Amino acid sequence: MASSAERSGHFADAISMGLLTRVCPRELVDEVVARTGRKERRVRLLPARLTVYYVLALTLFFEDAYREVMRRLGNGLRALDVWRGEWKVPTTAALSQARKRLGEQPLRLLFHDIARPLAVPGTPGAWFRRWRVMALDSAVLDAPDTPPNTAEFGKPGNADGIGAYPQVRVVGLEECGTGAVVAAAMDSHAVGERELSARFLHAVEPDMLILADRGFHSYRTWSRLRATGADLLWRVDDEVELPATEWLPDGSYRAELLLGGHRHPVEEGGNSSPSDGTAIPVRVVEYAVTDRGDVTGTIRLITSIVDHDRARAGELAELYHRRRGSESAFDEIRTHQMPAGGLLRSRLPDLVRQEIWAMLLTHYAIRHFMTEAAGDSDEDVERPSFAHAVRVIRRQVHDQRFSRADHLRRPRHP
């Protein structure tokens, strides 16, 4: 008769989690586990590979308790005659210890190795002329109120007092059109979006056009991103000084970003840039929007595409406004993956980060299969929603036999 350790090894070998293992294959999981030094010296009830898939499952079933999530994985394997009752669901304490042994690093490296742009030529919303359209986005997530989490991440505060929960800021680089987050960084809520965006410059490529909201703008952040060769289209506050140096036929105008402390020569009656070479040429595009009834405001954009023939002002305004009105990846995670209260599970900082990397991985897997399904579908097949895709993948955790992306497709309309 096989020992309990041997039976647990068979269980770990067989687990596949349906569609998710097509993005996170067992061979890659094993390689990352070995690379990070998390490979076991002895066979355990909860080996590292199984723990990786278990942590991913936790981010799909946020409302379920630890043991219930593992039970779901086991129930899925019953259909394959892999688990026939001899494997026992571990205790909550054992599951927590397995997560601690695994740590953050394997999930972080898995995301780094797996997350790549998904769009192919013709993917709707993913391209603007020659550029792959990307967007910087951010979220602040609440972690459980424990002394370790508070010491690591801190709580927000204002004149009215201190917030209820420690908070983690996450910044990501998202591919428009597919919704795939291809790079991310996280830290305490006190670390700003600009600093975090500098931590994944390795993922920025010269063929990208990166959109960003006002929170990302600074001279230094713009310079860092432009140094990668990518082009930028960012919204800026009205307070940013951008006197026109040349008006263009499409209604936009050229201006210069200056390093802090410099005065614009245009404002002082001159027409030359600072002699130290710090002035950055940009083009300014402004357009009006109507929000909340009759209240009209102006959106002010700057772009590194200074030649208006390469991208007209109206095209850039439409591109930014389309993104502004769409649901971002972090919106999807908070709305469809996280519980209604929006609180993470993990009570220790290392496990908070582990949990967030796992959320990013499962979101990427869902977006991967949505893109694949849309690419394989005929034009008259409705593109699946993210919420629908989450429901499908949750079902496939129960039934390990399903692993094809066509389960994400909606039926044809009569």
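Residues numbered from 1 in each chain as written. Predicted model: local features only at pLDDT ≥ 70, side-chain atom pairs only at ≥ 80, totals over all residues. Heavy atoms only, no water.

**Brief notes about empty space enclosed by the protein**
Part 1 of the reasoning: This model, assessed by the stated rule, comprises one cavity of 30 Å³ or more.
Part 2 of the reasoning: Estimates place the volume of the largest cavity at around 40 Å³.
Part 3 of the reasoning: As for the largest cavity, its lining consists of L141, V170, F330, I333, I356, M359 and L360.
Part 4 of the reasoning: Mapped onto the lining of the largest cavity, the elements with two or more residues apiece are α12 (329-337) and α13 (349-376).
Part 5 of the reasoning: The greatest single-element share of the lining of the largest cavity, amounting to three residues, is contributed by α13.
Part 6 of the reasoning: Broken down by class, the residue content of the lining of the largest cavity amounts to seven nonpolar, no polar and no charged. (1 Å grid on protein atoms, 1.4 Å probe; cavity = no way out; pocket = protein on both sides within 12 Å on 5 of 7 lines; lining within 4 Å. Points joined across faces, edges and corners; volume = space filled by probe spheres on them. Helix = DSSP H or I, 4+ residues; strand = E, 2+ residues; numbered from the N terminus. Nonpolar A, V, L, I, M, F, W, Y, C, P; charged D, E, K, R; others polar.)

**Considering the packing of aromatic side chains**
Part 1 of the reasoning: Per the counting criterion, the structure on display carries five aromatic pairs.
Part 2 of the reasoning: Ring centres of Y54 and Y66 lie 6.2 Å apart, and the angle between their planes is 80°; on these two criteria the pair is classed as edge-to-face. One end of the pair, Y54, is in helix α4 (residues 48-58); the other, Y66, is in helix α5 (residues 66-78), with 12 residues separating them in the sequence.
Part 3 of the reasoning: Overall, the relative accessible area of 1% leaves Y54 in the buried class.
Part 4 of the reasoning: For the pair W247 and Y253, a centre-to-centre distance of 4.7 Å together with 50° between the ring planes defines the contact as tilted.
Part 5 of the reasoning: Residue W247 is classed as exposed on the basis of its relative accessible area, which comes to 60%.
Part 6 of the reasoning: What makes Y253 buried here is its relative accessible area of 7%. (Phe/Tyr/Trp six-rings, centres within 6.5 Å; stacked < 30°, edge-to-face > 60°. Buried < 20%, exposed > 50% of the residue type's maximum accessible area, 1.4 Å probe, protein only.)

**Focus on the packing of helix α3 (residues 26-35) against α4**
Part 1 of the reasoning: At a minimum axis separation of 9 Å, α3 and α4 run at an interaxial angle of 110°. With respect to α4, the axis of α3 lies roughly perpendicular. Both α3 and α4 take part in a crossing whose hand is right-handed. Residues R26, V29, D30 and V33 of α3 pack against A48, R49, V52 and Y53 of α4.
Part 2 of the reasoning: Among the residues making up the contact of α3 with α4, the classes are represented as five nonpolar, no polar and three charged. (Axes fitted to C-alpha atoms, helices over the stretch in contact; angles between N-to-C directions. Parallel < 35°, antiparallel > 145°, perpendicular 65-115°, else oblique. Left-handed = near helix turned anticlockwise from the far one by under 90°. Contact = heavy atoms within 4.5 Å.)

**What to know about unusual backbone geometry**
Part 1 of the reasoning: Positive phi is not limited to glycine here, since R129 has a value of about 50°.
Part 2 of the reasoning: Structurally, R129 is set in the loop between β1 (127-128) and β2 (131-142).
Part 3 of the reasoning: Relative accessible area serves as the criterion here: at 46%, R129 is assigned to the partly exposed category.

**A word on the nonpolar core**
Part 1 of the reasoning: The biggest cluster of nonpolar side chains holds 65 residues, and the ones touching the most others in it are I356 and L360.
Part 2 of the reasoning: Formed by 31 residues, the second largest nonpolar core is a distinct cluster that contains L136, L232, Y253 and A255. (Core = buried A, V, L, I, M, F, W, Y, C linked by side-chain atoms within 4.5 Å.)

**Observations concerning the pattern of salt bridges**
Part 1 of the reasoning: This structure, assessed with the given rule, holds 24 salt bridges.
Part 2 of the reasoning: Note that R312 and D309 form a salt bridge whose closest N and O atoms lie 3.1 Å from each other.
Part 3 of the reasoning: The exposure class assigned to R312 is partly exposed, which follows from its relative accessible area of 35%.
Part 4 of the reasoning: Relative accessible area serves as the criterion here: at 47%, D309 is assigned to the partly exposed category. (Salt bridge = Lys/Arg side-chain N within 4 Å of Asp/Glu carboxyl O.)

**Section: the environment of R194**
Part 1 of the reasoning: As for its placement among the helices and strands, R194 is situated in helix α9 (residues 193-197).
Part 2 of the reasoning: Given the relative accessible area of 38%, R194 is considered partly exposed.
Part 3 of the reasoning: Residues R194 and T221, spaced 27 residues apart in sequence, show a C-alpha to C-alpha distance of 6.1 Å.
Part 4 of the reasoning: In this structure, R194 is in contact with G215, F216, H217, S218, T221 and R224, ignoring residues within four places of it in sequence.
Part 5 of the reasoning: Polar side-chain contacts of R194 include one of 3.3 Å to the backbone oxygen of G215. (Polar contact = N/O pair within 3.5 Å; in protein donor to acceptor, adjacent residues only side chain to side chain.)

**Structural notes on α3**
Part 1 of the reasoning: Buried within α3 we find V29, V32 and V33. Taken around the axis of α3, the buried residues stretch over an arc of 100°, which confines them to a single face.
Part 2 of the reasoning: Close packing links the buried residues of α3 with α4 and α7 (105-114).
Part 3 of the reasoning: Phi turns positive one or two residues past the end of α3, at G37, with a value near 70°. (Arc of directions from axis to C-beta.)

**Looking at the pairing of strand β5 (residues 167-175)**
Part 1 of the reasoning: By the criterion of burial, β5 is predominantly enclosed, with nine of the nine residues buried.
Part 2 of the reasoning: The two faces of β5 match: Q167, R169, V171, L173 and E175 on one face and V168, V170, G172 and E174 on the other face are all buried.
Part 3 of the reasoning: Pairing of β2 with β5 involves nine bridges; the strand directions are antiparallel. By the bridge assignment for β5, L141 is matched with V168.
Part 4 of the reasoning: By the bridge criterion, eight bridges tie β5 to strand β6 (residues 180-188) in an arrangement that is antiparallel. Its bridge partner being in β6, E175 is matched across the sheet by A180.
Part 5 of the reasoning: Count of turn residues in the β5/β6 antiparallel hairpin: four residues, of which G177 carries a positive phi of about 90°. (Pairing = 2+ DSSP bridges.)

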